Amino acid sequence: MESKYNYFKRDISWLSFNYRVLLEALDERLPLYERINFISIYSSNLEEFYKIRVADHKAVASGATESDEETVQSARELVEEINKEVTRQLDDRVRIYEQKILPALRKNHIIFYQDNHVEPFHQQFIKDFFREEIFPYLQPVPVSKDKIVSFLRDNRLYLAIRVYPKKEEENKGEETKENIEKYVGECINERNVTDFRQPLYFVMKQPYAKVPRFIELPSREKNHYLMFTEDIIKANLNLIFPGYDVDSSYCIKISRDADILIDDSASSADLVAQLKKKVKKRKIGDVCRFVYDRAMPSEFLDFLVDAFRIQRDELVPGDKHLNLEDLRHLPNPNKSLHSLEKPKPMKLTVLDEKESIFNYVAQKDLLLYYPYHSFEHFIHFLYEAVHNPETREIMVTQYRVAENSAVINTLIAAAQNGKKVTVFVELKARFDEENNLATAEMMQAAGIKIIYSIPGLKVHAKVALIRRRGLNGEKIPSYAYISTGNFNEKTATLYADCGLFTCRKEIVADLYNLFRTLQGKEDPKFTTLLVARFNLIPELNRLIDREISLADEGKKGRIILKMNALQDPAMIDRLYEASEHGVQIDLIVRGICCLIPGQSYSRNIRVTRIVDSFLEHARIWYFGNDGSPKVFMGSPDWMRRNLYRRIEAITPVLAPDLRDSLIEMLDIQLADNQKACWVDDKLQNIFKKRTPGTSAVRAQYTFYDWLNKKDN
């Protein structure tokens, strides 16, 4: 039955979020290089979006795959809509970069050359640098419609070059035919060029494995100078093509389908074999985007489209300089430019390394907020389990871990110390398949029991369990840890997450049942934890129904939901229904939000988006419950995949003081008037304005200060 409600399209909503990331580059309150980094993040996000989401839609549009959610025609229309919106955003990205960032760099005595024009005092340096550092690594490859198509590597930057043979009188005294062959290759001479002014086309991969993307030029007086490597190459193309007039050159790049299609019903051994084989083919996937300098003449672009057999719906115009995700590596030669003073991770005095976390958690639950609190506390927790003689078993899920992970190293130490260690490894974590497989094999070699992915499911829960027994067999507390983020000490400094330590028997028992389920040993019953595919959806419906009943009775129905993404139509419908009954709902959704505010059926729903120094990653749910609020935290977003096709774990926060601290965080985020936006019914990011006479609230920094005062 067709719903009476409407929804934003998932991918168009995501583009709205990514545009909000780009808008951070406009914030002059931020340090300049922090603003530049947001352009890098925006570009990197977009690259992955095309490799996964757009590639999926293109596969449906071409008839290569089938989908229950879209037809061939709707997939084609969506790809067209996506490309149109990305092109619109490019105009703003260019404007921000050229009219805001480059002048700000100049104001700070950093001259970033953007074309072939350079000051006379740098021209000789550029020629010498080109000859000595770049030229040996360049390899022009002829492009022809009639010959074998050259393979363009995924996400690599190429120069597309058009040249014309010089007139004979211009060639007198120029390089010989042998030298031309040396520089350009014998393929030129295979051409039957009857018209000496017929254009020749080449592509040339930029040698960034050998030469940095950005080159620092000699300073002069107070000024520092930077230049793109490709602009240095463009300025010296005549040295690569002697005997030819270089007409023009433009940057191009290819994005390829990076999704890995595997047989979800395969056994663990077959799954490992599939991944090892298919992950190597990621770089040679089908083209999903051909990005080109939009200044390229149409006949030049037409030639490349025909020669590389590009489909027209794969064309996405770009700027003069592509791959701006590289801007995160932009040198900062002006040492007086300050970087952003981000909150430093706090170490709780009650959890000093000399103190026992086990003893603390045996007395009361503990809630840590990353990156405001140090992730070293969790490492210390594992380390204590390694050396505690009463530790019987350590059980952990692994979704994404850092390279050379302290978590993994500690688990290996536990196995070597005679502890039983069981790790569930999700091999299907996109872009982390190889790292997860390598760490799994390393752990297995150290004696750790490894359980691989469940057929047909992803395990996204972020949980750990320390099972203990007294030396004389008596029962003593075991410990559970439930988190919103991965066991990854690198991302724990970048992502805003929270993790709960507890030894409450009901949560420990539920978590043990969950691990038994992951081992395929039983169909569990959960009394306290909410687990996707088991009791999560029924409990969410019950909680929403409770707020609706309160509103119907004339009492206050209240829901606050913080998450990364809201996409599942069934749950969105429940929120629409609650709104129609008068329940006041605030959504704090960082990314995708398919719920449309501002409609008759959503008039009581407000959508807030926060983008700041840290990536908001926590999932926290608040239900008012007539003044006795229920608060939950855990791993899932409200997307179909999380609610129905993954194993996710959510815990109620039962300790009143910890519950209140989560509510305080939600209140602070809703009060943010510095980095928070409303998302309106047109997917626009409307910045919240500070009311005259009120304090400035920048949620991440305000909450850090609140925690600092509270914990000390």
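Residues numbered from 1 in each chain as written. Predicted model: local features only at pLDDT ≥ 70, side-chain atom pairs only at ≥ 80, totals over all residues. Heavy atoms only, no water.

A few points about the overall build of the chain
Phase 1: Helix and strand content of the chain: 21 helices and 28 strands.
Phase 2: In summary, the chain has a C-alpha radius of gyration of 29 Å against a globular reference of 27 Å for 712 residues, a match within 12%.
Phase 3: Projecting the C-alpha coordinates of the chain onto the three principal axes gives extents of approximately 95 × 60 × 60 Å.
Phase 4: Expressed as a percentage of its 712 residues, the buried residues of the chain come to 58%.
Phase 5: Residue pairs in contact within the chain that sit at least 24 positions apart in sequence constitute 77% of those at least 6 positions apart. (Helix = DSSP H or I, 4+ residues; strand = E, 2+ residues; numbered from the N terminus. Rg over C-alpha atoms; globule rule 2.2 N^0.38 Å. Buried < 20%, exposed > 50% of the residue type's maximum accessible area, 1.4 Å probe, protein only. Contact = heavy atoms within 4.5 Å.)

Comments concerning the sheet that holds strand E1 (residues 110-113)
Phase 1: Here we have three strands laid out as an open sheet, ordered E1-E6-E5, and mixed in their pairing. Sheet topology places E1 and strand E5 (214-220) at the edges, where each strand pairs with a single neighbour. In this sheet, neighbouring strand axes are inclined to one another by 25° on average, regardless of whether the strands run parallel or antiparallel.
Phase 2: In this sheet, strand E6 (residues 223-228) lies alongside E5 in antiparallel orientation, the contact comprising five bridges. Pairing of leucine 217 across the sheet is with tyrosine 225, part of E6.
Phase 3: Its contacts with the sheet put helix H3 (residues 72-107) on E1 and E6, and the angle it makes with E1 is roughly 135°.
Phase 4: Along the sheet face, helix H4 (residues 120-134) touches E1, E5 and E6 and points at about 145° away from the line of E5. (Pairing = 2+ DSSP bridges. Axes fitted to C-alpha atoms, helices over the stretch in contact; angles between N-to-C directions.)

A look at the nonpolar core
Phase 1: Counting 84 residues, the largest nonpolar core has Leu575, Leu587, Leu595, Trp621 and Trp638 as the members making the most contacts within it.
Phase 2: Ranked by the residues each element gives to this core, the list is headed by helix H2 (residues 32-61), at 11 residues.
Phase 3: Apart from residues lying up to four places away in sequence, tryptophan 621 is in contact with Leu536, Leu540, Ile560, Leu561, Lys562, Met563, Lys630, Val631, Phe632, Pro636, Trp638 and Ile650.
Phase 4: Membership of the second largest hydrophobic core comes to 42 residues, among which are Phe358, Leu368, Val386 and Val425. (Core = buried A, V, L, I, M, F, W, Y, C linked by side-chain atoms within 4.5 Å.)

Digging into helix H21 (residues 699-711)
Phase 1: Its 13 residues place the ends of H21 18 Å apart at the C-alpha level, agreeing with the 18 Å of an ideal helix rising 1.5 Å per residue.
Phase 2: Buried within H21 we find Ala699, Gln700, Tyr701, Phe703, Tyr704 and Leu707.
Phase 3: Residues of H21 that are buried sit in contact with strand E10 (366-370), strand E21 (605-610), strand E22 (615-616) and helix H20 (656-671). (Expected span 1.5 Å × (residues − 1).)

As for the UniProt feature "domain: Polyphosphate kinase N-terminal" (unreviewed entry) in the chain
Phase 1: When the UniProt feature table is mapped onto this chain numbering, "domain: Polyphosphate kinase N-terminal" (unreviewed entry) sits at residues 7-112.
Phase 2: Span residues 7-112 is 75% helix and 3% strand, its end C-alpha atoms 44 Å apart. (UniProt positions renumbered as here; feature names shortened; annotations may be inferred.)

What to know about the packing of aromatic side chains
Two numbers describe a pair of aromatic rings. These are the distance of the centres and the angle of the planes.
Phase 1: Counted according to the given criterion, the structure contains 38 aromatic pairs.
Phase 2: With a centroid separation of 4.8 Å and 45° between ring planes, the pair formed by tyrosine 5 and tyrosine 576 is classed as tilted. A residue pair is termed long-range when its members are at least 10 positions apart, and tyrosine 5 in the segment before helix H1 (10-23) and tyrosine 576 in helix H18 (residues 569-580) qualify at 571 residues.
Phase 3: On the basis of relative accessible area, tyrosine 576 is assigned to the buried category, the value being 0%.
Phase 4: Seen in terms of ring centroids, phenylalanine 358 and phenylalanine 381 are 5.7 Å apart; in terms of plane orientation they differ by 70°. Their pairing is edge-to-face. A residue pair is termed long-range when its members are at least 10 positions apart, and phenylalanine 358 in helix H12 (residues 357-363) and phenylalanine 381 in helix H13 (residues 376-387) qualify at 23 residues.
Phase 5: Given a relative accessible area of 0%, phenylalanine 381 falls into the buried group.
Phase 6: Among the aromatic residues, those joined into a ring-pair cluster are Phe358, Tyr370, Phe375, Phe378, Phe381, Tyr479, Tyr481, Phe487 and Phe501.
Phase 7: A cation over an aromatic ring shows up here: arginine 467 above the ring of tyrosine 512, its NZ or CZ 4.0 Å from the ring centre. (Phe/Tyr/Trp six-rings, centres within 6.5 Å; stacked < 30°, edge-to-face > 60°. Lys NZ or Arg CZ within 6 Å of the ring centre and 35° of its normal.)

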